[in-house]
Amino acid sequence: MADRFIEVSLDKRGVACTAKLLDDRAPITCEAVWNALPLGGDVYHAKYARNEIYALLPPFAPEEPPLENPTITPIPGDLCYFTFSETQLGTKSYGYETTAKHQGRAQVVDLALFYERNNLLINGDAGWVPGIVWGAVVDGLDRMAEACQDLWRAGALGETLNFRRAG
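Here the structure is a predicted model, which is why all the values come from computation and not from measurement.

## What to know about the environment of glutamate 116
Within the secondary structure layout, glutamate 116 lies in the loop between strand E7 (107-114) and strand E8 (122-123). For glutamate 116, a relative accessible area of 37% corresponds to the partly exposed category. Considering only alpha carbons, one finds glutamate 116 and glutamine 149, 33 residues apart in sequence, at a separation of 9.8 Å.

Here it is in structure tokens:
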């Protein structure tokens, strides 16, 4: 199979990076994401995992991928896939407003980009939260990391995180 690439963008900030799908390590997840592109939604900056931005989406795979190529210590440029139940993201401690688009869904998919070092996927309420590493940024991580820092400091309201086929 030929290498497949996607664009990951923060559209309001006008910044994007290019990522390679890790078809050899997470083939089921890569296929599910690829077939569902374009994907995107309101962006959030992680509260617990540290240097992560993510969008919460309705399930899009015919069947949720197994935990292939798992990690609890993502590195800069990792794209990760998580699945959560509604109750796992329902408490006020996570900072989601009651009108957040994911509220009321039985299942939520979290597509995340890690932009800096020293991440640890542990949740104070639930413990370890392994994610599927399905992509790796190969160009533009420096620009995206700057925008992510701005998102952390200036706020995420009105910004979206988007995933599209590159090319």
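## Describing helix H2 (residues 141-154)
Given a rise of 1.5 Å per residue, 14 residues ought to cover 20 Å, and the 19 Å separating the end C-alpha atoms of H2 matches this to within 8%. Within H2, burial applies to Met144, Ala145, Ala147, Cys148 and Leu151. For H2, the arc enclosing every buried residue in end-on projection is 165 degrees, short of the 170-degree limit, so these residues lie on one face. Facing away from the buried side of H2 by over 90 degrees, the exposed positions are Asp142, Glu146, Arg153 and Ala154. Along its buried surface, H2 packs onto strand E1 (5-10), strand E2 (15-21), strand E3 (39-45), strand E4 (52-57) and E7. Just downstream of H2 lies glycine 155, where phi reads positive at about 110 degrees.

## Section: the pairing of strand E11 (residues 160-165)
One ladder, built from five bridges, connects E1 with E11; its direction is antiparallel. Its bridge partner being in E11, valine 8 is matched across the sheet by phenylalanine 163. Looking at chain direction, E3 and E11 are connected through four bridges and run antiparallel. Within E11, the residue paired with aspartate 42 across the bridge is threonine 160.

## A few points about the packing of aromatic side chains
Describing an aromatic ring pair means giving the distance of the ring centres and the angle of the ring planes. Taken as a whole, this structure holds four aromatic pairs when the rule is applied. For the ring pair tyrosine 44 and tyrosine 54, a centre distance of 5.6 Å and an interplane angle of 20 degrees mean the geometry is stacked. Note that tyrosine 44 is positioned in strand E3 and tyrosine 54 in strand E4, a separation of 10 residues in sequence. Overall, the relative accessible area of 15% leaves tyrosine 44 in the buried class. Take tyrosine 54: its relative accessible area is 7%, and that puts it in the buried class. Between phenylalanine 82 and phenylalanine 84, the ring centres sit 6.0 Å apart and the planes meet at 15 degrees, which makes this aromatic pair stacked. Across this residue pair, the class does not change: phenylalanine 82 and phenylalanine 84 are buried.

## So, a nonpolar patch on the surface
Together, Leu120, Ile122 and Trp128 line one region of the surface with nonpolar side chains, adding up to about 290 Å² of accessible area. In this structure, isoleucine 122 sits in strand E8.

Reading guide: rules and limits
- Residues numbered from 1 in each chain as written.
- Predicted model: local features only at pLDDT ≥ 70, side-chain atom pairs only at ≥ 80, totals over all residues.
- Heavy atoms only, no water.
- Helix = DSSP H or I, 4+ residues; strand = E, 2+ residues; numbered from the N terminus.
- Buried < 20%, exposed > 50% of the residue type's maximum accessible area, 1.4 Å probe, protein only.
- Expected span 1.5 Å × (residues − 1).
- Arc of directions from axis to C-beta.
- Contact = heavy atoms within 4.5 Å.
- Pairing = 2+ DSSP bridges.
- Phe/Tyr/Trp six-rings, centres within 6.5 Å; stacked < 30°, edge-to-face > 60°.
- Patch = residues over 30% accessible without salt bridge, like charges linked within 9 Å, V, L, I, M, F, W, Y side chains within 5 Å.
- Areas by Shrake-Rupley, 256 points an atom, 1.4 Å probe, with all protein chains shown as cover.
- Salt bridge = Lys/Arg side-chain N within 4 Å of Asp/Glu carboxyl O.

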